[in-house]
Amino acid sequence: MKVHFVLHETFEVPGAYLKWAQERGHQVTTTKVYEKELLPKTIDGIDFLIVMGGPQSPDEDRENFPYYDPKAELAFMKEAIAADIYIVGVCLGAQLLSVAYGAEYEHSPEREIGVFPITLTEAGLKDNHVKVFGQTLNIGHWHGDMPGLTEDAVVLATSQGCPRQIIRFSPKHYAFQAHLEFDPEAVDLLIAADGEEVLEEQSKKLTYVQKPEAIRNYDYREMNAKLYAFLDSLTN
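About the criteria used
- Residues numbered from 1 in each chain as written.
- Predicted model: local features only at pLDDT ≥ 70, side-chain atom pairs only at ≥ 80, totals over all residues.
- Heavy atoms only, no water.
- UniProt positions renumbered as here; feature names shortened; annotations may be inferred.
- Helix = DSSP H or I, 4+ residues; strand = E, 2+ residues; numbered from the N terminus.
- Pairing = 2+ DSSP bridges.
- Axes fitted to C-alpha atoms, helices over the stretch in contact; angles between N-to-C directions.
- Contact = heavy atoms within 4.5 Å.
- Salt bridge = Lys/Arg side-chain N within 4 Å of Asp/Glu carboxyl O.
- Buried < 20%, exposed > 50% of the residue type's maximum accessible area, 1.4 Å probe, protein only.
- Right-handed = clockwise from strand over helix to strand, strands pointing away.
- Polar contact = N/O pair within 3.5 Å; in protein donor to acceptor, adjacent residues only side chain to side chain.
- Parallel < 35°, antiparallel > 145°, perpendicular 65-115°, else oblique.
- Left-handed = near helix turned anticlockwise from the far one by under 90°.

A few points about the UniProt feature "domain: Glutamine amidotransferase" (unreviewed entry) in the protein chain
Here is step 1 of the chain: Sequence positions flagged by UniProt for "domain: Glutamine amidotransferase" (unreviewed entry) are, in local numbering, residues 22-187.
Here is step 2 of the chain: For the annotated span residues 22-187, helix accounts for 20% and strand for 33% of the residues, and the straight-line distance between the end C-alpha atoms is 21 Å.

Structure (C-alpha cells):
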C-alpha cells in the first residue's frame, strides 16, 4: 500500500502514523509543504492520504505562510474523497478534511495542549475501527480550532474542552482533532515551537493547557498502540 503524507511544518511530525506505515511495510511518500514541495499532480497510485497538522487554518492567507496553499490542498483532498481512498486528517488536516467535504471549520470552545481524555460517543463505540480505543482514552492535544460538520458527519469522540475530537465523514475518511501520534520527539518539537515560557504561562490561565514538564513526562506508548490498532482495522 502507498501512504502519502502531507506535512505542513518541521515541528508537526507524523510520529506514530509514519512508524506504523514503515513497520507495516507500506511505501511512504511525502509532500513537505514547508519546503515548498508541490502536491502530487494526481491521487492515482496513492492508497492512503494522511494530512497532518500545523499552525495554519483552512482559510489562512498566504501572507503569513507563503508556502501554504489551502486551495491546492483542498482540491487534492476532494480528489482523494472522490477516489474513495483511505484518508485521515489530523488537527489542521482534520479541519481541511471537513472543509473539503463542504463544512466550515470552527474555533474550539477551549484551547487544548497536553494529554487529556477523550470519550467515545455511542456512535464511536459502534464504529468498526474507532471502538478499539475503548470508552475513554488519554490522548494528546494541541489545538485551538476544530473540524466543521456536514449533514452526514458522525461525531465519534469528544473531550471536555472540545466536542469534536474524532469525526467520520465516510467509512474510509476520518478526522482526528486529537494527536494519537505523539511521542517524545513530537512533543519536544511542539514545545520548542510554541516556547517553554509561553506554555508555562498559558498553563496557569487556561484549564486545558498543561505544563511543558507534564507533557514531556507522559508515556505515549498506549495511545500509539491504540492508533496502530485503529489503522490496522481501517486498512484490513
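A few points about the sheet that holds strand E4 (residues 86-90)
Here is step 1 of the chain: One open sheet holds the nine strands; their spatial order is E2-E1-E3-E4-E9-E8-E7-E5-E6, and the pairing between them is mixed. Only two strands of the sheet have a single neighbouring strand rather than two, namely strand E2 (27-32) and strand E6 (136-146). This sheet shows a mean twist of 20° between the axes of neighbouring strands, independent of strand direction.
Here is step 2 of the chain: Pairing geometry for strand E3 (residues 48-51) and E4, over four bridges, is parallel. Considered in E4, the bridge of Ile-50 is made with Val-88.
Here is step 3 of the chain: Those strands touched by helix H3 (residues 92-100) are E3, E4, E6, strand E8 (166-170) and strand E9 (173-176), and its axis lies near 125° from that of E4.

A word on the pattern of salt bridges
Here is step 1 of the chain: Counted by the stated rule, this structure contains twelve salt bridges.
Here is step 2 of the chain: A salt bridge links Asp-232 to Arg-24, with the shortest nitrogen-to-oxygen separation between them at 2.8 Å. Of this pair, Asp-232 sits in helix H8 (residues 221-235) while Arg-24 sits in the loop between helix H1 (15-23) and E2, placing them 208 residues apart in sequence.
Here is step 3 of the chain: In this structure, a network of salt bridges that share partners links the residues Asp-188, Glu-196 and Arg-216.

Here we look at the pairing of strand E1 (residues 2-7)
Here is step 1 of the chain: Burial analysis of E1 places five of its six residues in the buried class, the great majority of the element.
Here is step 2 of the chain: Here six bridges tie E1 to E2, and the two strands are oriented parallel to one another. Note that in E2 the partner of Phe-5 across the bridge is Thr-30.
Here is step 3 of the chain: Handedness of the crossover joining E1 and E2 through H1: right-handed.
Here is step 4 of the chain: Judged from the four bridges that link them, E1 and E3 form a sheet pairing that is parallel. Looking across to E3, one finds that His-4 is bridged to Leu-49.

Description of the environment of Asp-47
Here is step 1 of the chain: Within the secondary structure layout, Asp-47 lies in the loop between E2 and E3.
Here is step 2 of the chain: Given a relative accessible area of 33%, Asp-47 falls into the partly exposed group.
Here is step 3 of the chain: Separated by 55 residues in the primary sequence, Asp-47 and Gly-102 place their C-alpha atoms 22 Å from one another.
Here is step 4 of the chain: Excluding anything up to four places from it in sequence, Asp-47 contacts Met-1, Lys-2, Ile-85 and Tyr-86.
Here is step 5 of the chain: In terms of polar contacts, Asp-47 uses its side chain to reach the backbone amide nitrogen of Lys-2, at 2.7 Å.

Quick look at the packing of helix H2 (residues 70-83) against H3
Here is step 1 of the chain: At a minimum axis separation of 9 Å, H2 and H3 run at an interaxial angle of 70°. Here H2 is positioned roughly perpendicular relative to H3, judged by the angle of their axes. Regarding H2 and H3, the two cross each other, and that crossing is right-handed. Along the contact surface, H2 presents Glu-73, Leu-74, Met-77, Lys-78 and Ile-81, while H3 presents Gly-93, Leu-96, Leu-97, Val-99 and Ala-100.

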